[in-house]
Amino acid sequence: MPLIDLRSDTVTQPTAAMREAMMAAELGDDVYGEDPTVNRLETWLANELGFAAALFVPSGTMSNLLGLMAHCERGDEYIVGQQAHTYKYEGGGAAVLGSIQPQPIDGEADGSLDLAKVEAAIKQDDFHFARTRLLALENTMQGKVLPLDYLAAARELTRRRGLSLHLDGARLYNAAVKLGVPAREITQHFDSVSVCLSKGLGAPVGSVLCGSAALIAKARRLRKMVGGGMRQAGGLAAACLYALQHQVQRLADDHANAAHLGGALAELGYSVEPVQTNMVYVQLGERAEQIKSFMAERGIVVSAAPRLRLVTHLDVDSADIERVIEAFAAFRSH
Ligand SMILES: *Cc1c(COP(=O)(O)O)cnc(C)c1O
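Reading guide: rules and limits
- Residues numbered from 1 in each chain as written.
- Predicted model: local features only at pLDDT ≥ 70, side-chain atom pairs only at ≥ 80, totals over all residues.
- Heavy atoms only, no water.
- UniProt positions renumbered as here; feature names shortened; annotations may be inferred.
- Helix = DSSP H or I, 4+ residues; strand = E, 2+ residues; numbered from the N terminus.
- Contact = heavy atoms within 4.5 Å.
- Near = heavy atom within 4 Å.
- Polar contact = N/O pair within 3.5 Å; in protein donor to acceptor, adjacent residues only side chain to side chain.
- Areas by Shrake-Rupley, 256 points an atom, 1.4 Å probe, with all protein chains shown as cover.
- Axes fitted to C-alpha atoms, helices over the stretch in contact; angles between N-to-C directions.
- Parallel < 35°, antiparallel > 145°, perpendicular 65-115°, else oblique.
- Left-handed = near helix turned anticlockwise from the far one by under 90°.
- Nonpolar A, V, L, I, M, F, W, Y, C, P; charged D, E, K, R; others polar.
- Pairing = 2+ DSSP bridges.
- Phe/Tyr/Trp six-rings, centres within 6.5 Å; stacked < 30°, edge-to-face > 60°.
- Buried < 20%, exposed > 50% of the residue type's maximum accessible area, 1.4 Å probe, protein only.
- Lys NZ or Arg CZ within 6 Å of the ring centre and 35° of its normal.

K.L.:
Looking at this structure, how should I read the UniProt feature "modified residue: N6-(pyridoxal phosphate)lysine" (unreviewed entry) in the protein?
P.N.:
Listed under "modified residue: N6-(pyridoxal phosphate)lysine" (unreviewed entry) in the UniProt record, and renumbered for this structure, are Lys199. On the secondary structure map, Lys199 appears in the loop between β7 (192–196) and β8 (207–211). If sequence neighbours within four positions are ignored, Lys199 has contacts with Asp9, Thr10, Thr12, Ala170 and Arg171.

Laid out in structure tokens, this is it:
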């Protein structure tokens, strides 16, 4: 019985066609700027998202870190959500490595940051204070899509107050597919965007930071500094290009599977948060302790948490979802 792994959309295996693209990639030394496939990926994504330049990096953590460090100097500050990945799940890298002070604020139920709270958090120009330089948003945020008119309002605020605007777009394409718009409709509002190719898009490794030519030149220097300069990285870049060209529209299947799963679990009596994209959050309370081993016995891999996250991806099909629903039905009556 093959395992169904719902912990994350990072667990996908490269498809046969993706592996072929990786094997066929033309290679060079990317630290010298000579890997043709990496260069093609950077140019392709910068064009698609409406930026002058882009930089291929090993992880989304590094992509966000370089973005924040390229925007902010030591003693600068960025405003960020309390639950945001850059603040909570990246080892505090912006503070540790960039000497950038985070100013976290509580997020709203829809995944946004209240712009009145953001504006109130911007510090005056006063030597007592860190210099507020940047607002960082995340989209999708725990599976929730930020509305386009909200992004326009965030752009207006940051422009008016002289801040830069960064997007952690680890799941940018989930948001774009859900909204039914080209990804550029989302990214047009930002000064920089980090995109993960190793999440739902299904590449094994890789993220890309997009921005102005000056910002990316700065990020390229920083990438070397933090050890992210890779040599014949074209095989990985080929997987990323393949993902962007062939595996974007199928994200709609993941969203449909997640919606079906969420609906079925709600019918079984579970407390399920509304599902927008590829994530289903279930409140398990004290039963969280038992779920992991119960599911493992049935070939289903989940992380034990009171607020359980189930993530659909390209290695989970609709038959798998039925198996998962059956297992949750059994767990309910267990
Ligand atoms: C996964 C993720 C990242 C980056 O993660 P890496 O594992 O470093 O590639 C950044 N932001 C969000 C929202 C993520 O889900």
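K.L.:
So what exactly am I meant to see when it comes to the site of the ligand here?
P.N.:
Inspection of the region around the ligand gives Ser59, Gly60, Thr61, Asn64, His85, Glu90, Glu138, Asp168, Ala170, Arg171, Cys196 and Lys199 as its neighbouring residues. Measuring from an oxygen atom of the ligand, one finds a backbone N or O atom of Gly60 at 2.8 Å. Within the contact set of the ligand, an oxygen atom lies 2.6 Å away from a side-chain nitrogen or oxygen of Thr61. Here the ligand, which alone exposes 380 Å², has 81% of that area covered by the protein. At three residues, the largest contribution of residues to the shell around the ligand is made by helix α3 (residues 60–71).

K.L.:
Explain the packing of helix α1 (residues 16–23) against helix α11 (residues 234–246) here, please?
P.N.:
In a pair of packed helices, the angle between the axes and the distance between the axes together describe the arrangement. Interhelical geometry of α1 versus α11 gives an angle of 140° and a closest axis separation of 8 Å. Judged by the inter-axis angle, α1 sits oblique to α11. Read as a crossing pair, α1 and α11 show a hand that is right-handed. The residues of α11 that touch α1, namely those facing Ala17, Met18, Ala21 and Met22, are Gly235, Leu236, Ala238, Ala239, Tyr242 and Ala243. The residue makeup of the contact of α1 with α11, split by class, is nine nonpolar, one polar and no charged.

K.L.:
Sorry if this is basic, but what is going on with the sheet that holds strand β5 (residues 131–138) here?
P.N.:
Backbone hydrogen bonds are what pair the strands of a sheet, in a parallel or an antiparallel way. If you trace the seven strands from one edge of the open sheet to the other, you get β2-β8-β7-β6-β5-β3-β4, paired in mixed fashion. Both outer strands of the open sheet, β2 (53–57) and β4 (101–105), are each paired with one neighbouring strand and no more. Neighbour-to-neighbour, the strand axes of this sheet turn through a mean angle of 20°, independent of strand direction. For strand β3 (residues 76–81) and β5, the ladder comprises four bridges, and the chain directions are parallel. Residue pairing in the sheet places Glu77 in a bridge with Thr132 of β5. Helix α10 (residues 213–225) contacts β2, β7 and β8 of the sheet and is inclined by roughly 20° relative to β2.

K.L.:
Can you help me understand the packing of aromatic side chains in this one?
P.N.:
By convention here, two paired aromatic rings are described through the distance between centres and the angle between planes. Counted by the stated rule, this structure contains two aromatic pairs. Relative to Phe328, the ring of Tyr270 lies with its centre 5.4 Å away and its plane at 80°, an arrangement referred to as edge-to-face. One end of the pair, Tyr270, is in the loop between α12 (251–267) and β9 (271–272); the other, Phe328, is in helix α14 (residues 318–333), with 58 residues separating them in the sequence. Judged on exposure class, the residue Tyr270 and its partner Phe328 are both buried. If you follow Arg287 out to its NZ or CZ, it ends over the ring of Phe331, 4.0 Å from the centre.

K.L.:
How do you make sense of the sheet that holds β9 when you look at a structure like this?
P.N.:
Strand order in the open sheet formed by three strands is β9-β10-β12, and the pairing between neighbours is antiparallel. Bordering the open sheet on either side are β9 and β12 (307–311), each of which pairs with just one other strand. As judged from the two bridges shared by β9 and strand β10 (residues 279–283), these two strands associate in the antiparallel manner. Directly across from Val272, in β10, lies its bridge partner Val282.

K.L.:
Looking at this structure, I do not really get unusual backbone geometry. What am I missing?
P.N.:
Negative phi characterises most residues that are not glycine, and trans characterises most peptide bonds. Of note, the bond from Asn139 into Thr140 is cis; its omega dihedral lies within 30 degrees of zero at 0°. Positive phi, normally seen in glycine, also occurs at Ser99, with a value near 50°. Within the element layout of this structure, Ser99 appears in the loop between α5 (93–98) and β4. Of note, the phi angle at Gln142 is positive, near 50°, even though the residue is not glycine. Assignment of secondary structure puts Gln142 in the loop between β5 and α7 (148–160).

K.L.:
Would you mind going over the UniProt feature "domain: Aromatic amino acid beta-eliminating lyase/threonine aldolase" (unreviewed entry) in the protein with me for this structure?
P.N.:
The positions UniProt marks with the feature "domain: Aromatic amino acid beta-eliminating lyase/threonine aldolase" (unreviewed entry) are residues 5–284. Counted over residues 5–284, helix gives 42% and strand 17%. Its end C-alpha atoms are 18 Å apart.

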